[in-house]
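# Per-entry structural report
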Amino acid sequence: QAQLVESGGGVVQPGGSLRLSCAASGFNMYWVRQFPGKGLEWVAFILYDGSSRTYADSVRGRFTISRDNSRTTYFLEMNDLKTDDTAIYYCARDPNNGRWFDDWGQGTLVTVSS
Amino acid sequence: ETLMTQSPASLSVSPGERVTLSCRASQDIRTKLAWYQQKSGQAPRLLIYGASTRATDIPPRFSGSGSGTEFTLTISSLQSKDFAVYYCQQYDDWPITFGGGTKVEIK
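Thresholds applied
Each chain has its residues counted from 1, following the order in which its sequence is written. The lettering of chains begins at A and the numbering of ligands begins at 1, in the order of writing. Residue-level local features of this predicted model are given only where pLDDT is at least 70; pairs of side-chain atoms are given and counted only at 80 or more, and the full residue set underlies all totals for whole chains, interfaces and linings. The side-chain numbers reported here are obtained from all heavy atoms of the structure, hydrogens and water having been left aside. Starting at the N terminus, helices and strands are each numbered in turn, a helix being any DSSP run of H or I of at least four residues and a strand any DSSP run of E of at least two. Here a residue-residue contact requires only that any non-hydrogen atoms of the pair lie within 4.5 Å. Buried area is calculated as the accessible area (1.4 Å probe) missing from two parts once they are joined, with the contributions of both summed. The term salt bridge refers to a side-chain nitrogen of Lys or Arg lying within 4 Å of a carboxyl oxygen of Asp or Glu. Pairing of N or O atoms within 3.5 Å defines a polar contact, subject to two protein rules: one partner must be a possible hydrogen donor and the other a possible acceptor, and residues neighboring in sequence count only if both atoms are side-chain atoms. The classification used treats Ala, Val, Leu, Ile, Met, Phe, Trp, Tyr, Cys and Pro as nonpolar, Asp, Glu, Lys and Arg as charged, and all other residues, Gly among them, as polar. The criterion for strand pairing is that DSSP finds at least two bridges linking the strands in question. Axes here refer to lines fitted to C-alpha atoms; in helices the fit is confined to the stretch in contact. Angles between the N-to-C directions go from 0 to 180 degrees. For the exposure calls, accessible area comes from a 1.4 Å probe over protein chains only, and a residue counts as buried if that area is under 20% of its type's maximum, exposed if over 50%, partly exposed in between. The criterion for a disulfide is a pair of cysteine sulfur atoms lying within 2.5 Å.

## Quick notes on unusual backbone geometry
At the junction of Ser-7 of chain B and Pro-8 of chain B, the peptide bond is cis and its omega measures out at -10 degrees in the coordinates. Relative to the helices and strands, Pro-8 of chain B is located in the loop between β1 (4–7) and β2 (10–13). The omega torsion of the bond from Trp-94 of chain B to Pro-95 of chain B falls at -5 degrees, within 30 degrees of zero and hence cis. Within the element layout of this structure, Pro-95 of chain B appears in the loop between β9 (85–90) and β10 (97–98). Phi at Lys-38 of chain A takes a positive value of approximately 90 degrees, unusual for a residue other than glycine. Within the chain, Asp-80 of chain A stands out as a residue other than glycine whose phi angle is a positive 50 degrees. Looking at the secondary structure, you find Asp-80 of chain A in the loop between β8 (73–78) and β9 (87–94).

Structure below.
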């Protein structure tokens, strides 16, 4: 396991932007975040070929999930960040189109604070 | 949205004991349930999917059961490496949702 590697986290002010990256091979890919109180929340999904994307209500219109054409890197573009977006962000792999996750990255911390 | 409720929130257990963790869904999710283990500072690790199928390399002391709205994760004989937080996750409908977790601590 641990074949996924995230990067791009950091500290940003409210209203700011960040782009997270996940180095991975061509699977259905998800972003899941974990709040400081430890709760887990699904954020976004992209089909392996990029033909379908889905977002949680809490981020729709602010976050965009994408992948590069080689399908080796996935991205989460985060705009208009809010303090409530502060969390560890994980990319998570769905191996069989089953919507459960057999591999997770190590996580990247996003802190939104003034 | 399907709400997932785990109980208890925490429990203290001695090594060697049998442990049963519960997860309840607010609506019928058939067997579309996964269990994850998370140790401090690490990402979640898949244990069970399809309510009862062990993931690759997961030892047989971990077992899952249930369907519909009531699910159980059982650890037959707790080892020191099993002290962690356990989460359930439903994937029957969107949005995918997680339970709040059960922390298994050393007694």
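## Thoughts on the interface of chain B and chain A
In this complex, chain B contributes 18 residues to the contact, which on the side of chain A involves 18 residues. Taken together, the two surfaces of chain B and chain A that pack against each other cover about 1,600 Å², and 66% of this comes from carbon and sulfur. Contact with chain A buries surface across chain B, with Pro-44, Trp-94 and Phe-98 of chain B losing the most and accounting together for 35% of the total. Seen at the junction of chain B and chain A, the total is zero salt bridges. At the boundary of chain B and chain A, one finds eight residue pairs in polar contact (both at pLDDT 80 or more). In the side of chain B that touches chain A, the residues fall into 12 nonpolar, three polar and three charged.

## Observations regarding the sheet that holds strand β3 (residues 18–23) of chain A
All names here are of chain A. Across the sheet, four strands lie side by side as β1-β3-β8-β7; this open sheet has antiparallel pairing. Looking at strand neighbours, the two that pair on one side only are β1 (5–7) and β7 (63–67), the edges of this open sheet. Going across the sheet, the axis of each strand differs from the next one's by a mean of 15 degrees, ignoring polarity. Two strands pair when backbone bridges link them, and β1 and β3 are joined in this way by three bridges, in the antiparallel orientation. Residue pairing for β3: Glu-6 is matched across the bridge by Cys-22.

## Structural notes on the side chain of Arg-33 of chain A
Residues and elements named next belong to chain A. On the secondary structure map, Arg-33 appears in strand β4 (residues 28–34). Residue classification places Arg-33 among the buried positions, given a relative accessible area of 2%. Among the polar contacts listed, one links the side chain of Arg-33 to the side chain of Glu-41, at a separation of 2.7 Å. A polar contact is formed between the side chain of Arg-33 and the side chain of Ser-58, at a distance of 3.4 Å. Apart from residues no more than four positions distant in its own chain, Arg-33 is found in contact with Gly-39, Leu-40, Glu-41, Val-43, Ser-58, Val-59, Phe-63, Asp-84, Asp-85, Ala-87, Ile-88 and Tyr-89.

## Examining the pattern of salt bridges
A full pass over the atoms with the stated rule returns 10 salt bridges over all chains. Put simply, Arg-61 of chain B and Asp-82 of chain B hold a salt bridge, and the shortest N to O gap is 2.8 Å. Placement of the pair is Arg-61 of chain B in the loop between β6 (53–54) and β7 (62–67) and Asp-82 of chain B in the loop between β8 (70–75) and β9, with a sequence separation of 21 residues. Each member of the pair Arg-61 of chain B and Asp-82 of chain B is classed as buried. Each member of the salt-bridge network shares a partner with another, and the members are Arg-33, Glu-41, Arg-62 and Asp-85 of chain A.

## Regarding the state of the cysteines
One pass over the full model with this rule turns up two disulfides over all chains. Here Cys-22 of chain A engages in a disulfide with Cys-91 of chain A; their sulfurs sit 2.1 Å apart. Handedness here is read from the sign of the S-S torsion; for Cys-22 of chain A and Cys-91 of chain A, about 70 degrees, the answer is right-handed. Of this pair, Cys-22 of chain A sits in strand β3 while Cys-91 of chain A sits in strand β9, and the two are 69 residues apart along the sequence. Here Cys-23 of chain B pairs with Cys-88 of chain B through a disulfide, and the sulfurs are 2.1 Å apart. Across the S-S bond of Cys-23 of chain B and Cys-88 of chain B the torsion is about 75 degrees, and the bridge reads as right-handed. Residue Cys-23 of chain B is located in strand β3 (residues 19–25), and its partner Cys-88 of chain B is located in strand β9; the two are separated by 65 residues in the primary sequence. Here Cys-23 of chain B and Cys-88 of chain B have matching classes, each one buried.

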